[in-house]
Amino acid sequence: MAVETLYVELGERTYPIVIGDGVMRQVAALLQDAGISPASRLFVISDENVAPRYLQPLKQALETAGYRVTDCVIPPGEQSKSLAVYEQVMTRAIEAGLDRKSAILALGGGVVGDLAGFAAATYMRGIAFVQVPTTLLAHDSSVGGKVGINHPLGKNLIGAFHQPRLVLYDTAALRTLPEREVAAGFAEVIKHGLIADESFVDWLEEHAERLWQLDAEWVGRAIRRGCAIKAAIVSADETEQGQRALLNLGHTFGHAFEALCEYAVLNHGEAISIGMCLAAKVAERIGFAQAGVFARTERLLRLFRLPTAWPNGLEPEAVLDVMKRDKKAVGGKLALVLPRAIGQVELVKDVDEQEILTAMKEEAGA
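Residue positions are given per chain, counted from 1 along the sequence in the order it is written. Per-residue local features of the predicted model are confined to residues with pLDDT of at least 70, and side-chain atom pairs are confined, for both listing and counting, to 80 or more; whole-chain, interface and lining totals are unaffected and use all residues. The side-chain values count all of the structure's non-hydrogen atoms but skip hydrogen atoms and water molecules.

Caption draft 1: Focus on the pattern of salt bridges. Put simply, a salt bridge is a Lys or Arg side-chain nitrogen that is within 4 Å of an Asp or Glu carboxyl oxygen. Summed over all chains, the structure comprises 28 salt bridges. Among the salt bridges present, the one from Lys155 reaches Glu78, with a minimum N-O distance of 3.2 Å. A residue pair is termed long-range when its members are at least 10 positions apart, and Lys155 in strand β8 (residues 154-161) and Glu78 in the loop between β4 (68-74) and α3 (83-95) qualify at 77 residues. Exposure is judged per residue with a 1.4 Å probe applied to protein chains only, and the accessible area is read against the type maximum: over 50% gives exposed, under 20% gives buried, and values in between give partly exposed. Classification of Glu78 as buried rests on a relative accessible area of 12%. The numbering of helices and of strands both runs from the N terminus, where a helix is a DSSP run of H or I of at least 4 residues and a strand a run of E of at least 2.

Below you can see the structure in the form of structure tokens.
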């Protein structure tokens, strides 16, 4: 796959998404293009799964170009998006002597990116940061500037909007992922098609097996299209005053599943996969969606080896209670992103809670 560059258009804060096989080797030149000079002290945050493979080569490339680099390696998994780990990261940053001209690099998946971005947003009231995603899932989370950490009562309730200077997406990293992480990443790829592009959904269905094999050219095309859809939406609605909420298809359900499972049973992509099925089911139940949307959504997710069944051990009433703390809820009233058709979704306010609960009970077999 040739190197391609997309842009999130935000006026003076416009930034590139550079996608290609092996582009991590160009990190120093790309940082300088993004206005982060070797005079800036860099702070690389990674996790214990990613660091052994990528941290030292990245640091060597940066130090060879004259950058001073400190790193911080955190435990893997959603549990690291916590106040406790955030405090440890900030302590390490202060000890490293970061100043307002410094920059933070997020080397890893969505957890690392969210935590590192939140650290950058809050350190000395905001410093530069760069996303270097190493998972398929992070093609979504690395773009758009939503950064944050979790609270035991809900996911991503503590956070900010803080755009990166650069997203550097080396697709070579995807070939080292375990199958479960690959599947989780495809959940967000599929989501972009379901919200905005039925032809992309057609393409995903047609090429599911080749994509699952991580063919560099085909996966590159999927990432490029997913990033393009998200970049267009973020450019139009950076702080989620309207259109950007559509990117949350399945997330109100999924975030509740993750919180109730204490971020340990389902990964993000798996939770969102089940959530997108539920959104389609509710939409059909209330007569909002065309008939067949649920069946096609479920079939597509299963093509990419994603779960679609209700999570074992969760009570629908408990899920509904957590959903009411979702950031789109106002005054305890739920707002759900629901499909009207494949490739077309809307934010629907005041959905009858009983309809949601009934749909969940049907899926749970309650």
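Caption draft 2: Just the environment of Arg41, in detail. Inspection of the secondary structure assignment puts Arg41 in strand β3 (residues 41-47). In what follows, a contact means two residues having at least one pair of non-hydrogen atoms within 4.5 Å. Discounting residues that sit within four places of it in the chain, Arg41 has contacts with Arg68, Thr70, Ala96, Gly97, Leu98, Ser102 and Ala103.

Caption draft 3: Looking closely at the layout of surface pockets. For cavity detection a 1 Å grid was placed over the protein atoms alone, and a set of points counts as a cavity when a 1.4 Å probe fits there but cannot get out; an open set counts as a pocket when protein lies on both sides within 12 Å along at least five of seven lines, with lining residues being those that have an atom within 4 Å of a point. Grid points are joined across faces, edges and corners, and a volume is the space filled by probe spheres set on the points. Its volume calculated, the second largest pocket comes out at about 190 Å³. Forming the boundary of the second largest pocket are 13 residues, of which Arg13, His162, Gln163, Pro164 and Arg165 lie nearest the centre. Residue type decides the class: Asp, Glu, Lys and Arg count as charged, Ala, Val, Leu, Ile, Met, Phe, Trp, Tyr, Cys and Pro as nonpolar, and the leftover types, Gly among them, as polar. Along the lines of polarity and charge, the residues of the lining of the second largest pocket split into five nonpolar, four polar and four charged.

Caption draft 4: Structural detail: empty space enclosed by the protein. Considering all chains together, one arrives at five cavities of 30 Å³ or more under this definition. Space inside the largest cavity adds up to approximately 100 Å³. For the largest cavity, the lining is made up of 13 residues, of which Lys155, His255, Val322, Arg325 and Asp326 are closest to its centre. Sort the elements by how many residues they give to the lining of the largest cavity and helix α10 (residues 251-260) lands first, with four residues. Residues of the lining of the largest cavity, tallied by class, amount to six nonpolar, three polar and four charged.

Caption draft 5: Region of the structure containing the sheet that holds strand β2 (residues 15-20). The seven strands lie next to each other as β1-β2-β9-β6-β5-β3-β4, forming an open sheet whose pairing is mixed. The strands lining the two open edges of the sheet, one partner per strand, are β1 (4-8) and β4. Sheet twist, expressed as the average angle between the axes of neighbouring strands with direction ignored, equals 20°. Where α3 meets the sheet, it contacts β3 and β4, and its direction lies at approximately 160° from that of β4. Angles shown run from 0 to 180 degrees and are taken between the N-to-C directions of axes, each axis being a line fitted to C-alpha atoms and, for helices, limited to the stretch in contact. This element, helix α9 (residues 216-236), spans β1, β2 and β9 (166-170) of the sheet and lies at about 20° to β1. A pair of strands is labelled paired if DSSP reports no fewer than 2 bridges between them.

Caption draft 6: Structural detail: the packing of aromatic side chains. Stacked, edge-to-face and tilted are the three classes for Phe, Tyr and Trp ring pairs, Trp counted by its six-membered ring, which pair at centre distances within 6.5 Å; planes under 30 degrees apart are stacked, over 60 edge-to-face, the rest tilted. Scanning the model with the defined rule gives six aromatic pairs in all. Ring geometry for Phe257 against Trp310: centres 5.3 Å apart, planes inclined by 85°, an arrangement best described as edge-to-face. Of this pair, Phe257 sits in helix α10 while Trp310 sits in the loop between α12 (293-303) and α13 (316-323), placing them 53 residues apart in sequence. Of the two residues, Phe257 and Trp310, neither departs from the other in class, the shared state being buried. An aromatic cluster of three or more residues is present, and its members are Phe186, Trp212 and Phe304. Only Lys NZ and Arg CZ are tested; either one counts as a charge over a ring when it is within 6 Å of the ring centre and within 35 degrees of the ring normal. Here the basic side chain of Lys281 rests over the ring of Phe294, its NZ or CZ set 5.1 Å away from the ring centre.

Caption draft 7: Unusual backbone geometry, seen in detail. You will see that Asn156, though not glycine, has its phi angle at about 60°, which is positive. Structurally, Asn156 is set in strand β8. Positive phi, normally seen in glycine, also occurs at Asp350, with a value near 60°. Among the structural elements, Asp350 can be located in the loop between β11 (344-349) and α14 (353-364).

Caption draft 8: How the structure looks around helix α4 (residues 110-122). Expected span of a helix: the number of residues minus one, times 1.5 Å. Between its first and last C-alpha, α4 extends 18 Å over 13 residues, near the 18 Å set by a 1.5 Å rise per residue. Most of α4 sits inside the fold, with 12 of its 13 residues counted as buried. Within the sequence span of α4, burial applies to Gly110, Val111, Val112, Gly113, Asp114, Leu115, Ala116, Gly117, Phe118, Ala119, Ala120 and Ala121.

Caption draft 9: Seen up close, helix α6 (residues 179-196). Along its 18 residues, α6 runs 27 Å from first to last C-alpha, staying within 8% of the 26 Å computed at 1.5 Å per residue. By the criterion of burial, α6 is predominantly enclosed, with 14 of the 18 residues buried.

Caption draft 10: Molecular detail of the pairing of β11. Bridge count for strand β10 (residues 335-341) against β11 is six bridges, and the pairing is antiparallel. Across the sheet, the residue bridging to Leu338 is Glu346, located in β11. Hairpin remark: β10 followed by β11, antiparallel, with two residues in the connecting loop; positive phi at Gly343, about 90°.

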